[in-house]
Amino acid sequence: MIKVGIIGSTGYAGQELVRLLIQHPEAEIVWYGSRSYIDKPYADVFQNMFRIVDDVCMDDNMEALANEVDVIFTATPQGLCASLVNEEILSKVKLIDLSADFRIKDVGVYEKWYGIEHKSPSYIEEAVYGLCEINREDIRGARLIANPGCYTTCSILTIYPLVKEGLIDPNTIIIDAKSGTSGAGRGAKTANLYCEVNENIKAYGVASHRHTPEIEEQLGYAAGYPIVVSFTPHLVPMNRGILATAYASLKENVTDADVRAAYEKYYGSEKFIRILKPGVCPETRWVEGSNYVDINYKIDPRTNRVIMMGAIDNLVKGAAGQAVQNMNLIFGLEESTGLDLVPMFP
């Protein structure tokens with residue numbers, strides 16, 4: 001059994017990690033870390049875990065934790081993982097970080113967009129960006145994984161094949177994405193109160209959202225040169241889900257068959273990416289509670305643009321599910337182990 005420790009187990013992503021890992025046939029959680037609820041029974045924080053999880057919450061002592069487990073998940077705010085990690089810890093355990101601390105290779109870009117000093121920049125180059133469908137082989141041998149962001153997972157996977165195959169002009173990409181409120185975390189914030197969110201939709205982080213450089217960096221690798229995109233997220237009154245709709249100009253003489261072939265080339269054999277039938281648009285309700293990504297596209301001949309659409313559950317494929325997928329790869333398990341989750345409806 002893989003012994004697991006979680007730091008930040010009482011946030012939404014942390015609780016989703018717990019939900020997935022307690023059902024994982026090859027994993028055992030031995031440390032439920034939570035700075036806010038030390039010594040409190042985990043099931044008192046999340047009543048859905050009553051008579052399922054009997055453990056109490058512990059602190060975030062990563063050095064002590066590294067002596068007890070094989071892998072540590074950090075589902076914590078930006079900056080915490082970077083402030084705790086060191087060579088002694090990484091010599092003992094695998095580390096899968098769900099924050100942005102190791103996602104961006106340029107420390108200056110990270111510090112600019114996140115507004116904090118990076119506490120361990122020496123590990124940035126080593127960290128592997130944990131987008132399994134693209135970086136699978138690098139993930140297998142890694143000891144430090146930068147688990148991608150939720151908006152970025154949906155946006156990158158939706159667009160990647162067309163950038164990689166040179167079918168679109170990457171510098172014309174515009175991404176319009178919408179997320180449920182769980183993406184904002186469990187902390188009490190006025191903007192996330194029921195009366196503020198219900199019966200409303202709003203843009204936020206306009207021309208300034210922190211996932212922008214992450215999307216640009218990863219799609220830039222696919223293009224082979226730096227690119228710039230326009231990314232605008234929106235908050236919608238639902239618990240889970242992300243829908244990304246992206247637009248880009250097609251290169252000359254690109255056909256519908258070319259686009260379909262690109263998606264099939266990269267995702268045709270992928271377990272968790274479902275390329276939908278022509279004319280079917282992705283919907284968040286059809287991936288809720290699962291690790292699936294539903295993707296489709298439509299060419300607009302009038303504008304010579306392609307509209308690319310993707311849907312995920314932001315807490316599963318956008319966070320905890322992807323983290324477990326990374327763990328499976330690192331420890332040589334079948335990638336889908338513990339993740340054969342049928343989407344919930346209604």
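Please read all numbers here as calculations on a predicted model, not as lab measurements. (Residues numbered from 1 in each chain as written. Predicted model: local features only at pLDDT ≥ 70, side-chain atom pairs only at ≥ 80, totals over all residues. Heavy atoms only, no water.)

**Student:** It is not clear to me how the overall build of the protein should be interpreted in this structure. Could you clarify?
**Tutor:** A tally of regular secondary structure across the protein gives 12 helices and 13 strands. Relative to its length of 346 residues, the protein is compact, with a C-alpha radius of gyration of 20 Å against a globular reference of 20 Å. If one aligns the C-alpha atoms of the protein with their principal axes, the spans along those axes are about 60 × 45 × 40 Å. Buried residues in the protein amount to 54% of all 346 residues. Summarising the internal contacts of the protein: among those between residues at least 6 apart in sequence, 70% fall at separations of at least 24. Total accessible area computed for the protein in this model is approximately 14,900 Å², and 50% of it derives from carbon and sulfur atoms. Measuring between centres, the 32 positive side-chain charges of the protein sit 4 Å from its 45 negative side-chain charges. (Helix = DSSP H or I, 4+ residues; strand = E, 2+ residues; numbered from the N terminus. Rg over C-alpha atoms; globule rule 2.2 N^0.38 Å. Buried < 20%, exposed > 50% of the residue type's maximum accessible area, 1.4 Å probe, protein only. Contact = heavy atoms within 4.5 Å. Areas by Shrake-Rupley, 256 points an atom, 1.4 Å probe, with all protein chains shown as cover. Lys, Arg positive; Asp, Glu negative; His and termini not counted. Charge placed at Lys NZ, Arg CZ, Asp CG, Glu CD.)

**Student:** Honestly, the side chain of E217 in this entry has me stumped. Any pointers?
**Tutor:** Here E217 is to be found in helix α10 (residues 212-223). Within the buried core, E217 has no salt-bridge partner, and the shortest N-O distance to an opposite charge, that of K105, equals 6.4 Å. Here E217 is in contact with R103, I104, K105 and D106, once residues within four sequence places are set aside. (Salt bridge = Lys/Arg side-chain N within 4 Å of Asp/Glu carboxyl O.)

**Student:** Would you mind going over the sheet that holds strand β5 (residues 128-129) with me for this structure?
**Tutor:** Picture the strands of a sheet paired through backbone hydrogen bonds; they go either parallel or antiparallel. Here 6 strands make up an open sheet; going across it, the order is β2-β1-β3-β4-β6-β5 and the pairing parallel. Each having just a single partner strand, β2 (27-33) and β5 make up the two edges of the open sheet. Looking at chain direction, strand β4 (residues 94-97) and strand β6 (residues 144-146) are connected through 3 bridges and run parallel. Bridge pairing in β6 links I96 to I145. (Pairing = 2+ DSSP bridges.)

**Student:** What's the story with the environment of N192 in this structure? I'm lost.
**Tutor:** Along the chain, N192 falls in the loop between β7 (174-179) and α9 (194-197). A relative accessible area of 24% places N192 in the partly exposed class. For the pair N192 and T181, spaced 11 residues apart in the sequence, the C-alpha separation amounts to 7.0 Å. With sequence-adjacent residues up to four places away left out, N192 is seen in contact with A184, V197 and L235.

**Student:** How should helix α6 (residues 107-114) be read in this particular structure?
**Tutor:** Since the α-helix packs 3.6 residues into each turn, any two residues three or four apart lie on the same face. Regarding α6, its N-cap is D106, as a side-chain oxygen of that residue lies 2.9 Å from the backbone nitrogen of G108 further along. Residue G115 follows α6 closely and has a positive phi angle near 70 degrees. (Polar contact = N/O pair within 3.5 Å; in protein donor to acceptor, adjacent residues only side chain to side chain.)

**Student:** Before we go on, may I ask you to explain unusual backbone geometry in this structure?
**Tutor:** If a residue is not glycine, its phi is most likely negative; likewise, a peptide bond is most likely trans. Each neighbour pair has its own omega, and for F345 with P346 the value is -5 degrees, a cis peptide bond. Relative to the helices and strands, P346 is located in the segment after α12 (316-330). Phi at D39 takes a positive value of approximately 75 degrees, unusual for a residue other than glycine. Looking at the element boundaries, D39 is found in the loop between β2 and α2 (42-45). Looking at D39, the relative accessible area reads 62%, which means it is exposed.

**Student:** Whenever I open this one, the packing of aromatic side chains confuses me. Can you help?
**Tutor:** Aromatic rings considered in pairs are described by the distance between their centres and by the relative angle of their planes. Taken as a whole and judged by the stated rule, the model has 9 aromatic pairs. Relative to Y266, the ring of Y160 lies with its centre 5.7 Å away and its plane at 90 degrees, an arrangement referred to as edge-to-face. Taken together, the residues span a long stretch of sequence, with Y160 in helix α8 (residues 150-164) and Y266 in helix α11 (residues 256-267) at a distance of 106 residues. Look at Y263 and Y267: their rings are 6.4 Å apart centre to centre, the planes differ by 40 degrees, and that puts the pair in the tilted class. Separated by 4 residues within a single helix, Y263 and Y267 lie in helix α11, roughly one turn from each other. Residue Y263 is classed as buried on the basis of its relative accessible area of 1%. Exposure remark for Y267: the relative accessible area of 1% places this residue in the buried category. Above the ring of Y292, the side-chain terminus of R274 is found at 4.4 Å from the ring centroid. (Phe/Tyr/Trp six-rings, centres within 6.5 Å; stacked < 30°, edge-to-face > 60°. Lys NZ or Arg CZ within 6 Å of the ring centre and 35° of its normal.)

**Student:** So what exactly am I meant to see when it comes to the environment of G8 here?
**Tutor:** As for its position among the elements, G8 is in the loop between β1 (2-7) and α1 (12-21). Sequence separation of G8 and I139 is 131 residues, and the distance between their C-alpha atoms is 23 Å.

**Student:** Teacher, can you tell me more about the pattern of salt bridges here?
**Tutor:** For side chains bearing opposite charge, pairing can occur when the charged atoms are close. Scanning the entire structure with this criterion turns up 18 salt bridges. In this structure, D60 and R35 form a salt bridge, with 2.5 Å as the shortest nitrogen-oxygen distance. One end of the pair, D60, is in the loop between α2 and α3 (62-65); the other, R35, is in the loop between β2 and α2, with 25 residues separating them in the sequence. Judged by relative accessible area, R35 falls into the exposed class, the value being 58%. Close ionic contact of E87 with R143 constitutes a salt bridge, the shortest N to O distance being 2.9 Å. Placement of the pair is E87 in helix α5 (residues 87-90) and R143 in the loop between α7 (132-140) and β6, with a sequence separation of 56 residues. Judged by its relative accessible area of 41%, E87 is partly exposed. R143 sits in the partly exposed class, given a relative accessible area of 21%. The network of salt bridges with shared partners includes E16, R19, R240 and D313.

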